[in-house]
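Spelled out from the first residue to the last, the chains are:
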Amino acid sequence: MAIDEKIITEAIISEYYAKFKSCLDLDVAVVGAGPSGLTAAWKLAEQGFKVAMFERKLSIGGGMWGGGMTWNFIVVQDEGRQVLEDAGLTLKLFKPGYFTVDAVAATTTLASKACLAGTRVFNCMSVEDVVLREVDGIKRVTGLVINSSPVEIAGLHVDPLVIGCRYVIEATGHDTEVLKTLVRKNDVRLNTTTGGIEGEQSMWAEVAEAHTLSNTREIFPGMFVAGMAANASYGSYRMGPIFGGMLLSGVKAAEEIAARLRGR
Ligand code: 48H
């Protein structure tokens, strides 16, 4: 077959343009493609919601690839194990209640589930701000301000573009970067005890895992926090390379948002 490079270029332009254009009005925009964001995107997209995921890095998967300290296995407790089994992974019982799974297999499988369910993935895309609107007298996040990661990395002064959404899932991990921007730039009060971001505490895996789930909620109208960002926002602990909480947090964010979207 003769190959025309211009057709290859045209194919990429057309496909990307169509994908981007289809994402101007989303049901859910997920920021951060770590385990919690991937799980939430998978669970929402498989129900038919229009979901896009924005990830700064070239690869999706966040902090799960490297297991603990680059030793690439993760641990999952009884709670949360089902999520990986539903994705098609086989876990190995290490000791009662503790299961192991290859970190690369877990990351690629979750990424595959999210993509195959219909999530529109924008890797190499950084979220630099949110869109705020007053809806019925209440300020609400109604979209994301996005820019190409190479623009961000090069420090180029290039204006961003915007997508709209009913809900944002803030799944940016330890840094809670998008939530921090919302708080820094606007006179807003979060749904936390202090009204601000309470900050992450040191290691206490058992409490951290339970809190990851209870802290997964709508922290500001239109914005849910999930995964490590949930604990960092509500002042809870870290847990190291045990991932049940991350997975269940993604499931919970998806369930709560799906219920809201259906009720509207
Ligand atoms: C676009 C962004 C932006 C931005 C960040 O850190 P993650 O893996 O997030 P979680 O919460 O799903 O999983 C946390 C887990 O990996 C972890 O770190 C654990 C369990 N730690 C415990 C411990 O004790 O240390 O992924 C977040 C993703 C990353 O891929 C970032 O690149 C991305 O979000 N991201 N993407 N725009 N502004 N900020």
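Let me sum up the structure you'll find in this document. It should be emphasised that the depicted structure is a prediction, and the values quoted were computed from it without experimental measurement.

**Re the overall build of the protein**
- Helices and strands together make up the secondary structure of the protein, namely nine helices and eleven strands.
- Relative to the 2.2 N^0.38 estimate, which gives 18 Å for 264 residues, the radius of gyration of the protein is 18 Å and therefore close to what a compact globule would have.
- If you line up the protein on its principal axes, its C-alpha atoms span 60 × 55 × 40 Å.
- Within the protein, buried positions represent 48% of all 264 residues.
- Taking the intrachain contacts of the protein between residues at least 6 apart in sequence as the baseline, contacts between residues at least 24 apart amount to 68%.
- Counting every atom, the protein has about 13100 Å² of accessible surface; 57% of that belongs to carbon and sulfur.
- Separation between the mean location of the 26 positive side-chain charges and that of the 30 negative ones in the protein comes to 2 Å.

**Focus: the packing of helix H2 (residues 35–45) against helix H4 (residues 103–116)**
- Axis separation between H2 and H4 bottoms out at 8 Å; the angle between their running directions is 35°. The handedness of the crossing between H2 and H4 is left-handed. Across the interface between the two elements, Pro 35, Leu 38, Thr 39, Ala 41 and Trp 42 of H2 pack against Thr 107, Leu 110, Ala 111, Lys 113 and Ala 114 of H4.
- Among the residues making up the contact of H2 with H4, the classes are represented as seven nonpolar, two polar and one charged.

**Let's talk about helix H9 (residues 244–263)**
- For H9, which comprises 20 residues, the first-to-last C-alpha distance of 29 Å matches the rise-based estimate of 28 Å (1.5 Å per residue) to within 8%.
- The complete set of buried residues in H9 reads Gly 244, Gly 245, Met 246, Leu 247, Ser 249, Gly 250, Val 251, Ala 253, Ala 254, Ile 257, Ala 258 and Leu 261.

**Side note on the nonpolar core**
- In this structure, Leu 44, Ile 74, Leu 84 and Ile 169 are the most contacted members of the largest nonpolar core, which totals 49 residues.
- The element best represented in this core is H9, accounting for eight residues.
- Val 31, Ile 146, Ile 163 and Leu 190 belong to the second largest nonpolar core, which has 28 residues in total.

**Observations concerning the sheet that holds strand S4 (residues 92–95)**
- Spatial strand order, S3-S5-S4: three strands in an open sheet with antiparallel pairing. Each having just a single partner strand, strand S3 (73–77) and S4 make up the two edges of the open sheet. Across the sheet, the mean angle from the axis of one strand to that of its neighbour is 40°, orientation sign disregarded.
- Pairing of S3 with strand S5 (residues 98–102) involves five bridges; the strand directions are antiparallel. When the bridges of S5 are listed, Gln 77 appears paired with Tyr 98.

**Focus: the packing of helix H3 (residues 78–86) against H9**
- Contact pair H3 / H9: the axes reach a minimum separation of 8 Å and the direction vectors enclose 65°. Taken as axis vectors, H3 and H9 run roughly perpendicular relative to one another. Crossing handedness for the pair H3 and H9: left-handed. Across from Glu 79, Gly 80, Val 83 and Leu 84 in H3, the residues of H9 making contact are Gly 244, Leu 247, Leu 248 and Val 251.
- Its residues assigned to classes, the contact of H3 with H9 comprises five nonpolar, two polar and one charged.

Each value, and the rule that gives it
- Residues numbered from 1 in each chain as written.
- Predicted model: local features only at pLDDT ≥ 70, side-chain atom pairs only at ≥ 80, totals over all residues.
- Heavy atoms only, no water.
- Helix = DSSP H or I, 4+ residues; strand = E, 2+ residues; numbered from the N terminus.
- Rg over C-alpha atoms; globule rule 2.2 N^0.38 Å.
- Buried < 20%, exposed > 50% of the residue type's maximum accessible area, 1.4 Å probe, protein only.
- Contact = heavy atoms within 4.5 Å.
- Areas by Shrake-Rupley, 256 points an atom, 1.4 Å probe, with all protein chains shown as cover.
- Lys, Arg positive; Asp, Glu negative; His and termini not counted.
- Charge placed at Lys NZ, Arg CZ, Asp CG, Glu CD.
- Axes fitted to C-alpha atoms, helices over the stretch in contact; angles between N-to-C directions.
- Left-handed = near helix turned anticlockwise from the far one by under 90°.
- Nonpolar A, V, L, I, M, F, W, Y, C, P; charged D, E, K, R; others polar.
- Expected span 1.5 Å × (residues − 1).
- Core = buried A, V, L, I, M, F, W, Y, C linked by side-chain atoms within 4.5 Å.
- Pairing = 2+ DSSP bridges.
- Parallel < 35°, antiparallel > 145°, perpendicular 65-115°, else oblique.

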